[in-house]
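Observations on chain architecture
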There are 2 protein chains.
Amino acid sequence: VNRLIGELAKLPGIGQRTAQRLAFHILSVSDEEALPLADAIRDVKEQVGQCEVCFNLAVEATCRICQDGRREGALICVVEQPSDVIPIERTGEFQGRYHVLGGALSPIDGVDPEDLHIAELLERVSSNGVREVVVATNATTTGEATALYLADAVRERAQEVAVTRLASGLPVGSDLEYADEVTLGNALRGRHTL
Amino acid sequence: VNRLIGELAKLPGIGQRTAQRLAFHILSVSDEEALPLADAIRDVKEQVGQCEVCFNLAVEATCRICQDGRREGALICVVEQPSDVIPIERTGEFQGRYHVLGGALSPIDGVDPEDLHIAELLERVSSNGVREVVVATNATTTGEATALYLADAVRERAQEVAVTRLASGLPVGSDLEYADEVTLGNALRGRHTL
């Protein structure tokens, strides 16, 4: 039981107390209720790997999006993590393919270009008739730094490929009054014709 | 004392309990501490009015920004409330002038075009060599509806004047993972070349 509590407590956001509560819950339910969780953990670790092309999560050698012939190959959206693919898919606005970097550049934390899937991105960009790379890294310091680095790297490798960045501005439903000045400045600079 | 409590409780965000606490604080401090508040309220009501040109707050007939010859007259930023001028000024990105509507269109709440300073905006736009109207209403339903209404109205009145809208997108410092899909969709559609 102590080993179970210890393993549960390693999960993010789960402390010692919650781990205890979860462990005793698992002890109290029947085998049929508890074992599917164990199986699910084992299955996911056995079966889910990385897409060979874009490094998204994949059950086979390549992920579902890379396998889907209807997705535009000329458009590549670059994200930091596989979890970032989900919100972009949910918008229904993107019909291209993805490339998961595996993080963002952060020299302080020792994350250099070689630690991310940047070389593979440049390979894809220069070989495949790609028209545009949409950099959808986070709007954080490291995400912005990564975007600028990629813009330079892609330009050097394949001048004809456009590198674009997600718009920064007011989130939908927000009041001007509560906007921070950097975001509002971006919203002003990025204004578009109505 | 009850009258003071009653008046304080009319302020937004101040309930009966807080009003009581404030009233007893005012009773406990010296005249020199309490009376400046009374004077400040009286002065502000006496002296601060609306700018004749842009309906921003003004001590004289026109506001400081309208009086400032260095501000670009060809660029007008339309906001809902005088309080919205402050965050835009803080960005340091805007060198034009303002026009305060006094609210946003909302037929449900009975706010029609005639209730806002729209006629005066159209007057300014058609007479003064204005080049661009930046619509900086809130990113809310009523703010967006007002923006679309203004775009049509300005186009009808002065075809050569561009009507632009603040960018919608990721606020600075935010993670993709936590962005709502409408905002992220806007960020994708509004992407710009790096």
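Quick summary incoming for the structure in this document. Computed from a predicted model, the values in this text were never measured in an experiment.

The rules we used
- Residues numbered from 1 in each chain as written.
- Chains lettered and ligands numbered in written order.
- Predicted model: local features only at pLDDT ≥ 70, side-chain atom pairs only at ≥ 80, totals over all residues.
- Heavy atoms only, no water.
- Pairing = 2+ DSSP bridges.
- Helix = DSSP H or I, 4+ residues; strand = E, 2+ residues; numbered from the N terminus.
- Contact = heavy atoms within 4.5 Å.
- Axes fitted to C-alpha atoms, helices over the stretch in contact; angles between N-to-C directions.
- Parallel < 35°, antiparallel > 145°, perpendicular 65-115°, else oblique.
- Left-handed = near helix turned anticlockwise from the far one by under 90°.
- Nonpolar A, V, L, I, M, F, W, Y, C, P; charged D, E, K, R; others polar.
- Salt bridge = Lys/Arg side-chain N within 4 Å of Asp/Glu carboxyl O.
- Buried < 20%, exposed > 50% of the residue type's maximum accessible area, 1.4 Å probe, protein only.
- Polar contact = N/O pair within 3.5 Å; in protein donor to acceptor, adjacent residues only side chain to side chain.
- Right-handed = clockwise from strand over helix to strand, strands pointing away.
- Least-squares fit on C-alpha atoms with pLDDT ≥ 70 in both.

1. Quick look at the sheet that holds strand β6 (residues 162-165) of chain B
- On the basis of which strands lie adjacent, the open sheet formed by 5 strands has the order β7(A)-β6(B)-β5(B)-β3(B)-β4(B) and mixed pairing. Both outer strands of the open sheet, β7 (192-193) of chain A together with β4 (96-100) of chain B, are each paired with one neighbouring strand and no more.
- Contacting β3 (72-79), β4 and β5 (132-135) of chain B, helix α6 (residues 118-127) of chain B crosses the sheet at an angle of about 155° to β4(B).
- Together, β3, β5 and β6 of chain B form the strand contacts of helix α7 (residues 141-157) of chain B, whose direction differs from that of β6(B) by roughly 170°.

2. Re the packing of helix α6 (residues 118-127) of chain A against helix α7 (residues 141-157) of chain A
Residue and element names in this part refer to chain A.
- At a minimum axis separation of 10 Å, α6 and α7 run at an interaxial angle of 40°. When the axes of α6 and α7 are compared, the pair comes out oblique. Between α6 and α7 lies a crossing of right-handed hand. Contact residues: I118, L121, L122, E123, V125 and S126 in α6; Y149, L150, A153, V154 and R157 in α7.
- A per-class count over the contact of α6 with α7 returns 8 nonpolar, 1 polar and 2 charged.

3. A word on the pattern of salt bridges
All names here are of chain B.
- Overall, the coordinates contain 20 salt bridges over all chains when judged by the stated rule.
- With a closest N to O distance of 3.2 Å, R165 and E144 form a salt bridge. A residue pair is termed long-range when its members are at least 10 positions apart, and R165 in strand β6 and E144 in helix α7 qualify at 21 residues.
- The buried category is assigned to R165, whose relative accessible area is 4%.

4. Focus on the sheet that holds strand β5 (residues 132-135) of chain A
- Ordered in space as β4(A)-β3(A)-β5(A)-β6(A)-β7(B), the 5 strands form an open sheet in which the pairing is mixed. This sheet does not close on itself; its edge strands, each paired only once, are β4 (96-100) of chain A together with β7 (192-193) of chain B.
- Note that strand β3 (residues 72-79) of chain A and β4(A) share 5 bridges and pair parallel. When the bridges of β4(A) are listed, A:V79 appears paired with A:V100.
- Strands β3, β5 and β6 (162-165) of chain A of the sheet are contacted by α7(A), whose axis makes an angle of about 170° with β6(A).

5. Overview of the interface of chain A and chain B
- Each side of the interface is counted separately: chain A has 52 residues, and chain B has 52 residues.
- Counting across the interface, chain A meets chain B through 6 salt bridges.
- Counting across the interface, chain A meets chain B through 28 residue pairs in polar contact (both at pLDDT 80 or more).
- Breaking the side of chain A that touches chain B down by element, the ones donating at least two residues are β3, α5 (85-91), β5, α7, β6, α8 (181-189) and β7 of chain A.
- Looking at which element gives the most residues to the side of chain A that touches chain B, the answer is α8(A), with 9 residues.

6. Here's the deal with the pairing of β3(A)
All names here are of chain A.
- Extensive coverage of β3 is indicated by the burial of 6 of its 8 residues.
- In terms of handedness, the path from β3 via α5 over to β4 forms a crossover that is right-handed.
- Bridging between β3 and β5 involves 4 bridges; their strand directions are parallel. The residue of β5 that forms the bridge with C77 is V134.

7. What to know about the relation of the copies chain A and chain B
- The two copies are related by a screw operation: chain A maps onto chain B through 180° of rotation and 0.0 Å of translation along the axis, at an RMSD of 0.1 Å. Viewed as a symmetry operation, the transformation between the two copies matches a two-fold axis. Closest approach to the rotation axis among the C-alpha atoms of chain A is made by A:G169, whose C-alpha sits 2.1 Å away.
- Counting the interface residues of chain A, we find that 100% of their copies in chain B are interface residues as well, pointing to one common contact surface.

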